[in-house]
Each structure stands twice: as structure tokens, then as C-alpha cells.
Amino acid sequence: MGTVFLNTLTPMLMMFTCMVIGFVLNKKKICPENTATVLSKLETNVLLPALTIYTFSKYCTVESLSQQYRQILFCALILAVAIGLAFALAPLFAKKGYKRNIYHYALTFGNFGFMGNAIVPAILGEAALYDYMLFTLPLNIAAYTWGIAGLIPKSEGKQNPLKSLLNPPMFAVAIGMVLGLTGVYRYLPAFVNNTLSGLGNCMGPVAMVLTGFLIGQYPIKKLLTDKKVYVASVLRLFVLPALFVLILKLLGADNRAISMCLFAFGTPLGLNTVVFPAAYGGDPSTGVSMATISHTACVITIPVMYALLTTFVI
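Just so you know, these numbers come straight off a predicted model, no measurement behind them.

Novice: So what's going on with the overall build of the protein chain? Residues and values would help.
Specialist: Within the protein chain, the secondary structure is distributed over 15 helices and zero strands. Relative to its length of 314 residues, the protein chain is compact, with a C-alpha radius of gyration of 19 Å against a globular reference of 20 Å. If you line up the protein chain on its principal axes, its C-alpha atoms span 50 × 45 × 45 Å. A burial count over the protein chain gives 51% of its 314 residues as buried. Put simply, of all contacts in the protein chain between residues at least 6 apart along the chain, 86% involve residues at least 24 apart. Looking at the protein chain as shown, the accessible area adds up to about 14000 Å², and 68% of this sits on carbon and sulfur atoms. Averaging the locations of the 21 positively and 9 negatively charged side chains of the protein chain gives two centres separated by 10 Å.

Set out below in C-alpha cells:
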């Protein structure tokens, strides 16, 4: 158990260090004010798509899809449970209004994208990232439709949920699957694959620099005083992932699916609760507080949870 904890702690400390770097860059005014916007666009339009195309093109085959479809179904099931629990729990944190939508999202989705995509290959190996991305397909679809719709203030009008799916990360999934299923990936020039791999390797560190930079825009003391955020972080990092792992174990899910579930639902509260309120005139302070507390705590909680999982569950 101790070895697993230490092996998992190492990549978590690396990610946390990148977050601190982003925080310092903001507080010391080393980078311009629009750095968060630039990094966010770089992540969404270049780095994450590159990682996705590289992973899917290399590992997506007819055989792997036929073996992994149950993973997607397991994730969809847990997602349904998560949404139900989020609607039941959110009123305890915010009685009504836009703030309750923030908690709906935060209690349903962790930072399964930027954080999960970075720590899974670091802990389980490169091949595991394909399994993880397939597992989280329902999460991506739900987050880009129902999730984001709830984070946009009503004053901005209704958004087309299908249109929100037409984004670079989702296009990258389709491109990667085509390259993998057709076998074209094997004939791509080496420099193309090396470029995709290199850009993909930057995704995690840049995402955490972005996280730290966003946190640095707000007074740190104020971000640490909301007691409700601590409760939400405990739910996000401990209670909910433990419950979901137990459900999958009782349903007879394989160990791979259970591990993917822990990393998908045990990641910290995501950045969308910061980015979308800020972009559409909502109050991002709750989201920033969530990001600060949960991203700091996850340095310890994820290694602990994974060590417990490998010792007592799988």
C-alpha cells in the first residue's frame, strides 16, 4: 500500500508544482492578464485534441471497442447516479439560484478531463489512457451539454446543447477513432506522431499552470473561508468516488472499470465552474474557491484513495 501511495504521489506533486508556478506567475505579474484566456484556448484547441488523436489512433481498434463497450455503459450508469445525487445535495449548499447550478455541476463532474487525462497515464501507463478516454465519453457528452448549459446565466439565453458538442476535443475523438479503426495511423509520418505525442505531453502541466493562474486572480484568504466548499470537496474527493466504486464492485465490474471510475469521479472540482461564470457575467468566486481547495487536497486524496483501492478492492 505504501509503495502504491508513493508512486501515485509523485505525479500529483508534479501537477501541484505546476499549479504553484501558475499562481506565482499571476501574483508576481510575470505574465499578462490575458494569460488564462490564452492557455485555456491552447488547451482546448491544441493540446487536448493532440493527446486525444494520438491516443485513439494508436489504441482504437475494432477488437478494443468490442471489449470496452461495457466500460462506457458503467460510466453512463454512475453518471446517472451522480446527477441524481447532485440534485439531492445541491440545495444543502445553495437554496436556489445560479449558485445552486454551480454545485449541481461540481457534485456531478470532477476535473476528469485535464486532471484525469494527465494522471492516468502517469500512474497506470500510456495504454490505460485509451481505456480512460473511452470510459469518460458519457461524462464528456453530459458536461458539454447539460453541464455547461447550467453554468451559463439565464440572462444569456438558452444555448443549443448539440452545438456545444461541436468542439475540438470531440472532433479529435472522431478523427482518432477513424485513424485507428482504418489502420491509417500506422502509415502516418513519424514527425506527425511525434508532434501529436509531444503536444499531448504538455496538456497536463499546462492545465495545472492555468489552474494556478486562475486561482492567483483572487485573494487567497477569501478563497479559503467558505466552509461549504470544504464539505463539497470532501464529497467530491472521498465520499462520492468511494460510493461509485462500491456500486461498480457490487455490479461485478472488472478492476479496470473500477480504477477508471475512481480517477474519473475522484478528481478535484473542475475549472468550468470558474471559466463559464466569468465568461458570461456570473459570479466565479465559488468556483475559484472550489478549485483552490480541491486541487490542493487532491495531491493527497488521490494517492490515498488509489492505495486503498488497490489494497482492499481490486
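Novice: How would you summarise a nonpolar patch on the surface if you had to cite specific residues and measurements?
Specialist: A surface patch of nonpolar side chains, about 330 Å² in accessible area, is lined by Met-1, Leu-308 and Phe-312. If you trace the backbone, Leu-308 turns up in helix α15 (residues 285–312).

Novice: Help me get a handle on the pattern of salt bridges, residues and values and all.
Specialist: Per the counting criterion, the structure on display carries two salt bridges. Here Glu-126 ties to Lys-58 by a salt bridge, and the two come within 2.8 Å at their closest N and O atoms. Taken together, the residues span a long stretch of sequence, with Glu-126 in helix α6 (residues 126–135) and Lys-58 in helix α2 (residues 35–59) at a distance of 68 residues. On the accessibility criterion, Lys-58 (33% relative accessible area) is partly exposed. For Asp-131, the salt bridge identified is with Arg-256, shortest N-O distance 2.8 Å. Of the two residues, Asp-131 sits in helix α6 while Arg-256 sits in helix α13 (residues 255–265), which places them 125 residues apart along the sequence. Owing to a relative accessible area of 32%, Arg-256 belongs among the partly exposed residues under this scheme.

Novice: So what's going on with the packing of helix α1 (residues 2–27) against helix α10 (residues 190–215)? Residues and values would help.
Specialist: Packing of α1 against α10 brings their axes to within 6 Å, and their N-to-C directions diverge by 45°. Regarding the angle of α1 to α10, the classification is oblique. Considering how the two elements wind past one another, α1 and α10 form a crossing that is right-handed. Seen from α1, the contacting residues are Met-14, Met-15, Cys-18, Met-19, Gly-22, Phe-23, Leu-25 and Asn-26; seen from α10, they are Gly-204, Pro-205, Met-208, Val-209, Thr-211, Gly-212, Phe-213 and Ile-215. For the contact of α1 with α10, the residue count by class is eleven nonpolar, five polar and no charged.

Novice: How would you sum up the side chain of Ser-259? Please name residues and give values.
Specialist: You can see Ser-259 is positioned in helix α13. Ignoring sequence-local partners within four residues, the contact set of Ser-259 consists of Tyr-306, Leu-309 and Ile-314.

Novice: Give a detailed account of α2, specifying residues and quantitative values.
Specialist: Helix length check: α2, at 25 residues, gives a terminal C-alpha distance of 34 Å against a target of 36 Å (1.5 Å per residue), a fit within 8%. The axis of α2 is deflected most strongly, by about 45°, at Glu-43.

Novice: Any chance you could break down the environment of Gly-125 for me, citing the residues and the numbers?
Specialist: Structurally, the position occupied by Gly-125 is in the loop between α5 (114–124) and α6. With 105 residues separating them along the chain, Gly-125 and Val-20 place their C-alpha atoms 25 Å apart.

Novice: Could you give an account of the environment of Ile-258, naming the residues involved and the relevant values?
Specialist: Relative to the helices and strands, Ile-258 resides in helix α13. In sequence terms Ile-258 and Phe-74 are 184 residues apart; their C-alpha atoms lie 9.1 Å from each other.

Basis of the calculations
Residues numbered from 1 in each chain as written. Predicted model: local features only at pLDDT ≥ 70, side-chain atom pairs only at ≥ 80, totals over all residues. Heavy atoms only, no water. Helix = DSSP H or I, 4+ residues; strand = E, 2+ residues; numbered from the N terminus. Rg over C-alpha atoms; globule rule 2.2 N^0.38 Å. Buried < 20%, exposed > 50% of the residue type's maximum accessible area, 1.4 Å probe, protein only. Contact = heavy atoms within 4.5 Å. Areas by Shrake-Rupley, 256 points an atom, 1.4 Å probe, with all protein chains shown as cover. Lys, Arg positive; Asp, Glu negative; His and termini not counted. Charge placed at Lys NZ, Arg CZ, Asp CG, Glu CD. Patch = residues over 30% accessible without salt bridge, like charges linked within 9 Å, V, L, I, M, F, W, Y side chains within 5 Å. Salt bridge = Lys/Arg side-chain N within 4 Å of Asp/Glu carboxyl O. Axes fitted to C-alpha atoms, helices over the stretch in contact; angles between N-to-C directions. Parallel < 35°, antiparallel > 145°, perpendicular 65-115°, else oblique. Left-handed = near helix turned anticlockwise from the far one by under 90°. Nonpolar A, V, L, I, M, F, W, Y, C, P; charged D, E, K, R; others polar. Expected span 1.5 Å × (residues − 1). Bend = angle between axes of the 7 residues up to and from the residue.

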